[in-house]
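Each chain, written out:
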Amino acid sequence: MSKKILLTGGLGYIGSHTAVSLIESGYDVVILDNLSNSRKDVLEKLKKITKVMPKFYFGDARDEGLLIEILKQNVEAVIHFAGYKSVYDSIKSPIEYYDNNLNCLIRLIDAMNKTGCRNLVFSSSATVYGIENISPLIENMNMGTCTNPYGRSKQMTEEILKDITVSNPEFSAIALRYFNPVGAHPSGLIGEIPRGVPNNLMPYISGVASGKYEVLNIYGNDYDTRDGTCIRDFIHVCDLADGHVKAIEYALKNNGFDAINLGSGNGYSVLEIVKAFESTNNIKINKKFSERRAGDIAISYADIKKANQILNWGPRYGIEDICRDTWNFEKMMFQDERV
Ligand SMILES: NC(=O)c1ccc[n+]([C@@H]2O[C@H](COP(=O)([O-])OP(=O)(O)OC[C@H]3O[C@@H](n4cnc5c(N)ncnc54)[C@H](O)[C@@H]3O)[C@@H](O)[C@H]2O)c1
């Protein structure tokens, strides 16, 4: 019988792509989502891609009773995506962020302890490296200073997970530190659907390409980098999704805490990404330079040897695939909205 995996926040951007990878690898996927940043029609899209409709629970990941009810149905492992992810909103509304990002985790671990489910994969972030560490960022570096509540909530979560694995040596917790997830499923059916104006680069570029936004703001062109714009590590969301399948396989066989980077291992500048989008899709992006944003560091990219070695994982998609799939999804979404 296939192993059952619960995805909290599984209808969101990374969760939905991971659902596809898990189903295609033979897992039985169960999704819990409160739809605070996603749409229920993603379920239909998952069925279109995989021919399987995952079981869906509408509810909050802070609802311990509901978590226990789901986990009791022989769930072997949980991938915990549910949480808020905007750095800028977290500065405006820290309590909302700490409440959602920390209380979901605490209630989930409590429910896992009560039902005997001991395998957890968590969505952490490169932001835990803070502002002092120099790229390539390696998992054995100390966590650095985070400039916002979002980043601190990820650091706190990793500390909590370490404590759990000390108190219960049979518990397996893997914190996947994502770098910059971008792109969309090649079918164009699922991708990132930002609520309101996106903070992230790629949805903004494709929004300018489709005419939703007039101009792309590039924050800072005076960084100490090859073209003055920030350098980031962009990873195709389908590669990221495959990394979760590998992490689940690892968690099911091993105990203890591990933090693992999931990135491409390469840094691209913001201008290089804009140019790649323009040349791949033959579209001109209207852009302008603005002031630097507070808290942005010049260069961030991953060392991915640990993921290569212990998960046997590495990226398959390149920057052109990312640009093509992002634009493909944007066009499909545009069609959907006009119907
Ligand atoms: N996308 C990124 O750039 C990025 C980078 C690093 C880390 N992460 C982390 O990865 C995770 C997933 O990110 P994403 O980009 O898929 O975000 P997303 O907002 O698309 O997905 C999160 C999902 O969780 C749901 N959710 C939120 N709070 C919930 C709650 N209390 N109960 C139930 N469901 C809830 C939302 O409705 C949404 O479907 C988040 O924890 C995020 O912090 C994301």
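The notes below deal with the structure included here. These numbers were taken from a predicted model, which means no experiment stands behind them.

Notes on the sheet that holds strand S2 (residues 28–33)
Read across the sheet, seven strands follow the order S3-S2-S1-S4-S5-S6-S11 without closing on themselves; strand pairing throughout is parallel. A strand with exactly one partner marks an edge of an open sheet, and here the two such strands are strand S3 (55–58) and strand S11 (256–262). If you compare each strand with its neighbour and ignore which way they point, the axes differ by 20° on average. By the bridge criterion, seven bridges tie strand S6 (residues 172–178) to S11 in an arrangement that is parallel. Across the sheet, the residue bridging to Arg-177 is Asn-261, located in S11. Packing against the sheet, helix H8 (residues 237–253) makes contact with strand S1 (4–8), strand S4 (75–80), strand S5 (119–125), S6 and S11, and its axis sits at approximately 160° to S6.

A look at the nonpolar core
Counting 38 residues, the largest nonpolar core has Leu-7 and Ile-31 as the members making the most contacts within it. Beyond its immediate sequence surroundings of up to four residues, Ile-31 is in contact with Leu-6, Leu-7, Gly-10, Leu-11, Ala-19, Leu-43, Leu-46, Pro-54, Lys-55, Phe-56 and Tyr-57. Membership of the second largest hydrophobic core comes to 29 residues, among which are Leu-6, Val-78, Leu-161 and Phe-171.

What about the site of the ligand?
Lining the immediate surroundings of the ligand are 29 residues, of which Asp-33, Asn-37, Ser-38, Lys-85 and Asn-100 lie closest. Taking Tyr-13, its main chain carries an N or O atom lying 2.9 Å from an oxygen atom of the ligand. Protein coverage of the free-state accessible area of the ligand, which is 820 Å², stands at 96%. Of all the secondary-structure elements, those providing two or more residues to the shell around the ligand are helix H1 (13–24), helix H5 (94–115), S5 and helix H6 (149–167). Class assignment of the residues belonging to the shell around the ligand gives a composition of twelve nonpolar, twelve polar and five charged.

Points about the pairing of S4
Taken across its six residues, S4 has five buried, putting it largely inside the fold. Across three bridges, the pairing between S4 and S5 is parallel. Within S5, the position partnered with His-80 by the bridge is Phe-122.

Digging into the packing of helix H3 (residues 64–71) against H5
Viewed as axis vectors pointing N to C, H3 and H5 meet at an angle of 40°, and their least axial separation amounts to 9 Å. As summarised for this structure, H3 and H5 are arranged oblique, according to the angle between their axes. Every pair of crossing elements has a handedness; the one defined by H3 and H5 is right-handed. Where H3 abuts H5, its residues Glu-64, Leu-67, Ile-68 and Leu-71 lie against Arg-107, Leu-108, Asp-110, Ala-111, Met-112, Lys-114 and Thr-115. Residues belonging to the contact of H3 with H5 are distributed by class as follows: six nonpolar, one polar and four charged.

Describing H8
Taking 1.5 Å per residue, 17 residues should reach 24 Å; H8 reaches 25 Å between its end C-alpha atoms and fits that length. Among the residues of H8, those classed as buried are Val-237, Cys-238, Asp-239, Leu-240, Ala-241, Gly-243, His-244, Val-245, Ala-247, Ile-248 and Ala-251.

So, unusual backbone geometry
Residues Ser-135 and Pro-136 are joined by a peptide bond in cis, for which omega reads 5°. Its location among the elements puts Pro-136 in the loop between S5 and H6. Positive phi outside glycine occurs at Leu-35, with the angle close to 60°. Tracing the chain through its elements places Leu-35 in the loop between S2 and helix H2 (42–50).

Here's the deal with the pattern of salt bridges
Proximity of charged atoms lets side chains of opposite charge pair with each other. Taken as a whole, this structure holds 22 salt bridges when the rule is applied. With a shortest N-O distance of 3.5 Å, Lys-92 and Asp-89 are connected by a salt bridge. Placement of the pair is Lys-92 and Asp-89 together in helix H4 (residues 87–92), with a separation of three residues, close to one helical turn. Here Asp-89 falls in the partly exposed class, since its relative accessible area comes to 33%. Salt bridges here are not isolated pairs; linked through shared partners, they connect Glu-64, Arg-107, Asp-110 and Lys-114.

Concerning H5
The end-to-end C-alpha distance of H5 is 31 Å, a good match for the 32 Å that 22 residues give at a rise of 1.5 Å each. Among the residues of H5, those classed as buried are Tyr-97, Asn-100, Asn-101, Leu-102, Cys-104, Leu-105, Leu-108, Ile-109, Ala-111 and Met-112. Buried positions along H5 lie against H3, S4, H4, S5 and H6. One or two residues past the end of H5 sits Gly-116, with phi positive at roughly 80°.

A closer look at the packing of aromatic side chains
This structure, assessed with the given rule, holds four aromatic pairs. The interplanar angle of 35° and the centroid separation of 6.4 Å between the aromatic rings of Tyr-129 and Phe-179 together place this pair among those described as tilted. Taken together, the residues Tyr-129 in the loop between S5 and H6 and Phe-179 in the loop between S6 and strand S7 (180–182) connect sequence positions 50 residues apart. Here Tyr-129 and Phe-179 have matching classes, each one buried. Centre to centre, the rings of Phe-277 and Trp-327 are 6.1 Å apart; their planes meet at 70°, and the pair counts as edge-to-face. With Phe-277 in helix H9 (residues 270–281) and Trp-327 in helix H11 (residues 319–338), the pair connects residues that are 50 residues apart, well separated along the chain. Phe-277 gets classed as buried once you look at its relative accessible area, which sits at 0%. Of the residues examined, Trp-327 reaches a relative accessible area of 12% and is grouped as buried. One residue, Arg-177, lies across the ring of Tyr-129, its end atom 4.9 Å from the ring centre. Lying over the aromatic face of Tyr-223, Arg-292 brings its terminal NZ or CZ to 4.0 Å of the ring centre.

Definitions and cut-offs
Residues numbered from 1 in each chain as written. Predicted model: local features only at pLDDT ≥ 70, side-chain atom pairs only at ≥ 80, totals over all residues. Heavy atoms only, no water. Pairing = 2+ DSSP bridges. Helix = DSSP H or I, 4+ residues; strand = E, 2+ residues; numbered from the N terminus. Axes fitted to C-alpha atoms, helices over the stretch in contact; angles between N-to-C directions. Contact = heavy atoms within 4.5 Å. Core = buried A, V, L, I, M, F, W, Y, C linked by side-chain atoms within 4.5 Å. Buried < 20%, exposed > 50% of the residue type's maximum accessible area, 1.4 Å probe, protein only. Near = heavy atom within 4 Å. Polar contact = N/O pair within 3.5 Å; in protein donor to acceptor, adjacent residues only side chain to side chain. Areas by Shrake-Rupley, 256 points an atom, 1.4 Å probe, with all protein chains shown as cover. Nonpolar A, V, L, I, M, F, W, Y, C, P; charged D, E, K, R; others polar. Parallel < 35°, antiparallel > 145°, perpendicular 65-115°, else oblique. Left-handed = near helix turned anticlockwise from the far one by under 90°. Expected span 1.5 Å × (residues − 1). Salt bridge = Lys/Arg side-chain N within 4 Å of Asp/Glu carboxyl O. Phe/Tyr/Trp six-rings, centres within 6.5 Å; stacked < 30°, edge-to-face > 60°. Lys NZ or Arg CZ within 6 Å of the ring centre and 35° of its normal.

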